[in-house]
Amino acid sequence: MPATRTPSSRTRRARPRPRLRTLLAGVTTAVSVVALGGCSAAGLPGADGRVAVDYWLWESLQLPGYQKCADAFEAQNDDIEIRITQYGWADYWQKLTAGLVAGAGPDVFTDHLTKYPEFVNRGVILPLDDFEATADLDPADYQEGLAELWTGQDGKQYGSPKDFDTIALFYDEDVLAEAGYAPEDLQDLTWDPETGGTFEDVIAHLSVDAAGVRGDEPGFDPTNVVTYGLGSNGAGDTNGQTQWSWLAGGTGWELTNAPVWGDEYHYDDPRFQASIAWLFGLVEKGYFPSFERVGTAPNLTQQLGSGQAALVADGSWTISSYLRLEGVDLGITSVPTGPIGQPVSMYNGLGDSISAQTSVPEESARWVEFLGGSECQTIVGEEGVIFPARPEGTEAAIAAFAEKGVDVEPFTDLVDDGGTVLYPVTDNAAEILSIMKPVMDAIYIGSRPVDSLTQANEQVNSLFE
Amino acid sequence: MAVSTAPPSTTRGQGGPSTRSAALSRTRRRPDDTKLALLFVLPAAIGLVAFYFWPLLRGIWLSFTSWDLLSPAEFVGLDNYRQLISDPVFWNAARVTVYYVVLNIGAQTVIALGIAVLMQRLTSSSVLRGIVLAPFLVSNVVAALVFLWILDFQLGIGNQLLEWLGLDRIGFFTTETWVVPTIAAVNVWRHMGYTALLLFAGLMAIPANYYEAARVDGASEWRMFRSITMPLLRPVLGIVLIISVIGSFQVFDTVSVTTGGGPVDASRMLQVYIYDKAFAQFDFGYASALSVAMLVILVVVTFFQYRLTRAGQSDLN
Amino acid sequence: MSDVQASATLPVAADRADDDRASGRSPGTGSGGTGRDRQARPRRPIRWGKVLAWAVMGVVLLVTIFPFYWILRTALSSNGALYANATSLLPVDPTWNGFARVFGAQSVEDAIADGGSGAKLDFWRYLGNSVIVATTVTVFQVFFSAMAAYAFSRLRWKGRDLVFGAFLLSLMVPVIFTLLPNFLLVKQLGLIDDLFGIMLPSLFMTPFAIFFLRQFFLNVPKEVEEAALVDGASKIAIFFKLVIPMSTAPIATVSILTYMTQWNDYFWPLMVSYTDDSRVLTVALGAFRAQSPSGGPDWSGLMAATLVAALPMIVLFSIFAKRIVANIGFNGIK
């Protein structure tokens, strides 16, 4: 009868059970050990009685430089321990937000212009003016305009300028040589939205179709292009930092009605719309990749490295990626000069902010002061990754880049000559992004006309009412 | 139907003393295992209440407020829902998501079922099973990145292949017609082995003597598949479908890594929109309302699925 | 079902099924992989069905494996040369540096020069953390879920269907609802940056395991259970000594899948961990993704990391796969 055989004949198959039980016991023990053992929650005091300041940043390439800064700081301030944590850009803001919501965030963190207005409005970051260490932050110590970017509407300083970046054109000298150009031929290019200027001539000549015909030669086939004269970084959503800020800005167009804290956008300005029409019009001419090619995650380094594009406009924070490209003899030149008579680029600057939830505000302020100070900025500059906000730091960076074999003056000259437009600092940045991105994409694809920007502009401005 | 509806007559086992079970101490009434059941369900119920229900209630509450995560929530009544009804992005997202789910689950189920049947009939090699399961080892994000590259318009080997075959290159992630099917295909790649394994376990529970008897009667394979395999697999298939659909509705990582919702909202799925509202725009109240809407859709869909597939019943007993 | 003998001959039946397949008559073979297109010509002696089935299987395997080959090829390439030779089928400028970065064996300067991030990776520690988290969660989660599944399938009690519906509902709770409250709870319990904090929300159950196991527990034949009851076994004993052993295959399946899901979990462990103490492998591998807004990922490092992270799971699977194979076809009688 089956019943009698049920329990005993299970022996072979019942073997998993006792093993499972032993496993369970072992795991429970292990778990308890772990749970009781490791417990260094954020916010606990640091080792050996020093006050711990938690600092977060996202740019991994800058981590070594800031670690050196932290070491130097700790040597001079033996009562403070700096704990640096780096999270990649993709995770950084979510981790920060979750940390702020739960009260488990950092004390000091690298802040970005698109986020800091929201933080100010919600009282998430503290004004530096309130602390002895940072109360006397002098904007003149930094490259012009950077401190202003981080000044709130109440006139207080919410971020300590950290670095700046501008846009320039990258190219492969070998590709130029094949086209019969020398690097000098790319200097002092001119541009205007109607004719495209000498800039368009160069781009046309650099474009090559599958039959080897160049863009300015007869018989050029725009539908079958192998190398595009200008690379594409997408449609550019709200400010087109790398995509078109240096074109539209060169017409004298201003994105908002004030350098910072504007409340009116100018996407309806004819100069802007003409610039966009010119840029996306290059697709039909075969000088600029279509949206289909580059999609929503374009990669300029990839385009230059694979020979898909001859010239790319990218930011100074990407220099290291281009240097790394094998088989590319990298050259950098300034963006072309628009109708206003000098090259113009968008000018962004990161800053360090103090979290309102910090339990050690004074120590945090001392760290922020050091970060914005000459010593740290020179250390970071010497790493040759980005341009620190202080002029002496910038000089150190220029020298470091020169050692790596690249002349970065096209980036820094813009700042010296005043050819910059500030990155937009306004409220509602995220909503504006969600409005503008689909519109710009649609215009790039060609499914919407350029003048639909006027309607989008109304939508954007209605957010400020 | 349900298992323990053993008619009292066969339970002549009024027999021995039971140590704990209430069932045996009552000899003529239907067995009532309430106390025991509560004990068995307790740990899972703790998890349910603490980590699912409490957040659910809180989330529903938040949908009636305006909350920016960093300052206290303000009650706004039905404002979020009114905004939702007239929000074109929401309706577009709902439509795109449904389209995606239909493509994804449709393809995934058919392919997984086929693989499971092949694994059952062709070979029981565990190497093969391992290979088929392998895509699940790759995280969502990495799988999306790899396919982003393989299917790149210019540099992708996928398009290279198309060109060798004499076809036009396709902007898989960059054209509105192809973007949703492509994302669905990436997720099918990742999940087909996983689903196949689940269905395979279900197939294994079907006693082979049914097939033998049918073969003796001269039934064709197709007939056997239709009359034996499918009906007996139904409960497992039903639950796998329900869970797959629920998971598929909440797709996020793949979209966020490859297209971010583009081109021009063509792949802006519900979860992508919700995340953007919640964490980027700090509009958590509205995002909660959107999530409640998604929840309602899921409840309705699941309800119909459960009924249609009668996943609560087993035909084996 | 008086199929005692039949099931005892099950393994033999499988062999016979093999012979039947040879004559193209085994069920399901003709259904192919991509749809149930009828190949149903039972009398065709040529193994058309089998050939087609193997062909379909081959295509499936190819589609499955090719991206892995791509991952391997990229892992062995160096970042700088990748864009220039994007479609090359062989590794470009082969190097082990990607793997070196994963194991933390490359110096920071070299890593940066190669296109990686400058982050230091304590690989073995992260691996250990991942193993602890995944194992603990799997063991407890599957056990508790099996208990609940038993209650829903083989016990009779008031409100059973209602509670089951509640569990079904939990499957649909939107992710953004659970993220912050769970995080707050973990913080209030003082479990931030602690492996236990990572494990906590998943430790008790997962709706999926409950449903899946319930379907299998439903199939346990009533006669066997009743026989055991007659013998004086309690329902608890039936659970441990009868139902579980008879469901080893689905339990093993669910366990493996749970393990993999926990292993690959990224976002929640990212939220909870702040230092290396509680960092798991997937979170550490975030170091290979794009670090700055418009940068690209460290391709060779990321691909190498993917392979390395998948390896322990492959080992685990190959150990447990045999257990599944040994128990297949068992439908419960003896």
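Residues numbered from 1 in each chain as written. Chains lettered and ligands numbered in written order. Predicted model: local features only at pLDDT ≥ 70, side-chain atom pairs only at ≥ 80, totals over all residues.

Participant: Tell me about the overall build of chain C, and please be specific about residues and values.
Facilitator: A tally of regular secondary structure across chain C gives 17 helices and zero strands. Within chain C, the proportion of its 334 residues that are buried is 59%. Here the analysis covers contacts within chain C between residues at least 6 apart in sequence; of these, 67% occur between residues at least 24 apart. (Helix = DSSP H or I, 4+ residues; strand = E, 2+ residues; numbered from the N terminus. Buried ≥ 20, exposed ≤ 12 C-beta atoms within 10 Å, placed from the backbone. Contact = placed C-beta atoms within 7 Å.)

Participant: So, the overall build of chain A: which residues are in play, and what are the values?
Facilitator: The number of helices and strands found in chain A is 20 helices and 13 strands. Across the 465 residues in chain A, those meeting the buried criterion constitute 55%. Put simply, 72% of the contacts in chain A that link residues at least 6 apart link residues at least 24 apart.

Participant: Any details on the confidence of the model for chain A? Residues and values, ideally.
Facilitator: Residues and elements named next belong to chain A. Averaged over all residues, the pLDDT of chain A is 87; the fraction at 70 or higher stands at 90%. Every residue in residues 1-19 is under pLDDT 50, and counting partners more than four places away or in other chains gives 26 contacts. Scored below 50 in pLDDT, residues 30-43 makes 25 contacts in the model with residues more than four places away or belonging to other chains. (pLDDT = per-residue confidence, 0-100.)

Participant: So, the domain arrangement of chain A: which residues are in play, and what are the values?
Facilitator: All names here are of chain A. One can read the domain layout of chain A as domain 1 (47-165 + 348-416) and domain 2 (167-347 + 423-462). For domain 1 versus domain 2, the distance between C-alpha centres works out to 30 Å. With 24 residues of domain 1 in contact, the opposing surface of domain 2 contributes 24 residues. Counting residues per element, the ones that place at least two in the side of domain 1 that touches domain 2 are α6 (116-121), α7 (146-149), β5 (160-165) and α18 (409-416). The greatest single-element share of the side of domain 1 that touches domain 2, amounting to four residues, is contributed by α18. Among the residues making up the side of domain 1 that touches domain 2, the classes are represented as 14 nonpolar, five polar and five charged. (Domains from an automatic or database assignment. Nonpolar A, V, L, I, M, F, W, Y, C, P; charged D, E, K, R; others polar.)

Participant: Quick one: what's the story with the nonpolar core, residue by residue and with numbers?
Facilitator: The biggest cluster of nonpolar side chains holds 332 residues, and the ones touching the most others in it are Leu199(B) and Ala148(C). In this view, Ala148(C) contacts Phe40(B), Val41(B), Ala44(B), Met205(C) and Ile210(C); residues no more than four positions away in its chain are not counted. Within the second largest apolar cluster, five residues are counted, among which are Ala208(B), Tyr211(B), Ala219(B) and Phe225(B). (Core = buried A, V, L, I, M, F, W, Y, C linked by C-beta atoms within 7 Å.)

Participant: Explain the environment of Val179(B) to me, using residue names and the numbers behind them.
Facilitator: Inspection of the secondary structure puts Val179(B) in helix α8 (residues 176-204). C-alpha of Val179(B) to C-alpha of Pro263(B): the two residues are 84 residues apart in sequence and 8.1 Å apart in space.

Participant: Talk me through the environment of Ile238(C); I want residue IDs and the actual numbers.
Facilitator: Residue and element names in this part refer to chain C. With respect to the helices and strands, Ile 238 occurs in helix α13 (residues 235-246). Here Ile 238 falls in the buried class, since 24 other C-beta atoms lie within 10 Å of it. Along the chain, Ile 238 and Leu 316 lie 78 residues apart, while their C-alpha atoms are 29 Å from each other. Ignoring anything within four residues of it in the chain, the contact list for Ile 238 reads Glu 225, Ala 228, Ala 233 and Val 243.

Participant: A description of helix α10 (residues 221-249) of chain B should follow, citing residues and the corresponding values.
Facilitator: Here α10(B) contains 29 residues, and its C-alpha end-to-end distance of 35 Å is more than 12% below the 42 Å for a straight helix at 1.5 Å per residue. If you look at α10(B), its biggest bend is around 60°, right at Arg234(B), and the proline Pro235(B) turns up within four residues after that. (Expected span 1.5 Å × (residues − 1). Bend = angle between axes of the 7 residues up to and from the residue.)

Participant: Account for unusual backbone geometry, with residues named and values stated.
Facilitator: Residue and element names in this part refer to chain A. With a phi angle near 55°, Asp 188 is a residue other than glycine that sits in the positive phi range. For Asp 188, the position within the fold is in the loop between α8 (173-179) and α9 (197-206). Classification of Asp 188 as exposed rests on a count of 12 C-beta atoms within 10 Å.

Participant: I'd like to hear about the environment of Glu148(A), residue by residue, with values.
Facilitator: Residues and elements named next belong to chain A. Relative to the assigned elements, Glu 148 resides in helix α7. When the C-alpha atoms of Glu 148 and Gln 76 are compared, they prove to be 30 Å apart, with 72 residues separating the residues in sequence. Those residues in contact with Glu 148 that sit more than four places away from it in its chain are Pro 139, Pro 259 and Val 260.

Participant: Describe in detail the pairing of strand β3 (residues 108-111) of chain A, supporting the description with residues and values.
Facilitator: Residues and elements named next belong to chain A. Pairing analysis gives two bridges linking strand β1 (residues 51-57) to β3, with the strands arranged parallel. Within β3, the residue paired with Trp 56 across the bridge is Phe 109. As judged from the four bridges shared by β3 and strand β11 (residues 345-355), these two strands associate in the antiparallel manner. Bridge pairing links Val 108 to Ile 354 in β11. (Pairing = 2+ DSSP bridges.)

Participant: Tell me about the sheet that holds strand β8 (residues 225-230) of chain A, and name the residues and values.
Facilitator: Through backbone hydrogen bonds, the strands of a sheet pair up, either in parallel or in antiparallel fashion. All names here are of chain A. Read across the open sheet, the five strands follow the order β7-β8-β9-β6-β10; overall the sheet is mixed. Of all strands in the sheet, those bounded by a partner on one side alone are β7 (208-209) and β10 (330-333). Here five bridges tie strand β6 (residues 167-172) to strand β9 (residues 309-315), and the two strands are oriented antiparallel to one another. In the sheet register, Ile 167 faces β9, and the bridge partner there is Gly 315.

Participant: Explain the packing of helix α2 (residues 34-62) of chain B against helix α8 (residues 160-170) of chain C to me, using residue names and the numbers behind them.
Facilitator: One can describe the packing of α2(B) onto α8(C) by two numbers: an axis separation of 11 Å at closest approach and a directional angle of 45°. In terms of axis orientation, α2(B) runs oblique to α8(C). The element α2(B) and its partner α8(C) pack so that their crossing is left-handed. Contact residues: Val41(B), Leu48(B) and Tyr52(B) in α2(B); Val163(C), Ala166(C), Phe167(C) and Ser170(C) in α8(C). (Axes fitted to C-alpha atoms, helices over the stretch in contact; angles between N-to-C directions. Parallel < 35°, antiparallel > 145°, perpendicular 65-115°, else oblique. Left-handed = near helix turned anticlockwise from the far one by under 90°.)

Participant: I'd like a description of the confidence of the model for chain C, backed by residues and values.
Facilitator: Residues and elements named next belong to chain C. When pLDDT is averaged along chain C, the result is 78; 81% of the residues meet or exceed 70. Mean pLDDT across the elements of chain C ranges from a minimum in helix α1 (residues 4-8), with 34, to a maximum in helix α10 (residues 195-203), with 93. In the model, residues 325-334 has pLDDT below 50 throughout and makes 29 contacts with residues more than four positions away in sequence or in other chains. Interface scoring of the predicted complex returns ipTM 0.81; its pTM is 0.83.

Participant: How would you summarise helix α11 (residues 270-285) of chain A if you had to cite specific residues and measurements?
Facilitator: All names here are of chain A. Between its terminal C-alpha atoms α11 stretches 22 Å, which fits the 22 Å expected from 16 residues at 1.5 Å a residue. Buried residues of α11: Phe 272, Gln 273, Ser 275, Ile 276, Trp 278, Leu 279, Phe 280, Leu 282 and Val 283, and no others. Looking at the buried side of α11, the elements it contacts are β8, α10 (245-248), α19 (429-445) and α20 (452-462). Just beyond α11, the residue with positive phi is Gly 286, at close to 90°.

Participant: I'd love a proper account of the packing of α10(B) against helix α13 (residues 284-309) of chain B, names of residues and values included.
Facilitator: Residue and element names in this part refer to chain B. At a minimum axis distance of 10 Å, the contact between α10 and α13 shows a crossing angle of 165°. By the criterion of interaxial angle, the relationship of α10 to α13 is roughly antiparallel. Of the two possible hands of crossing, α10 and α13 adopt the one that is right-handed. Across from Arg 234, Leu 237, Gly 238, Leu 241, Ile 242, Val 245, Ile 246 and Phe 249 in α10, the residues of α13 making contact are Met 294, Leu 298, Val 301, Thr 302, Gln 305, Tyr 306 and Thr 309. Split by residue class, the contact of α10 with α13 holds ten nonpolar, four polar and one charged.

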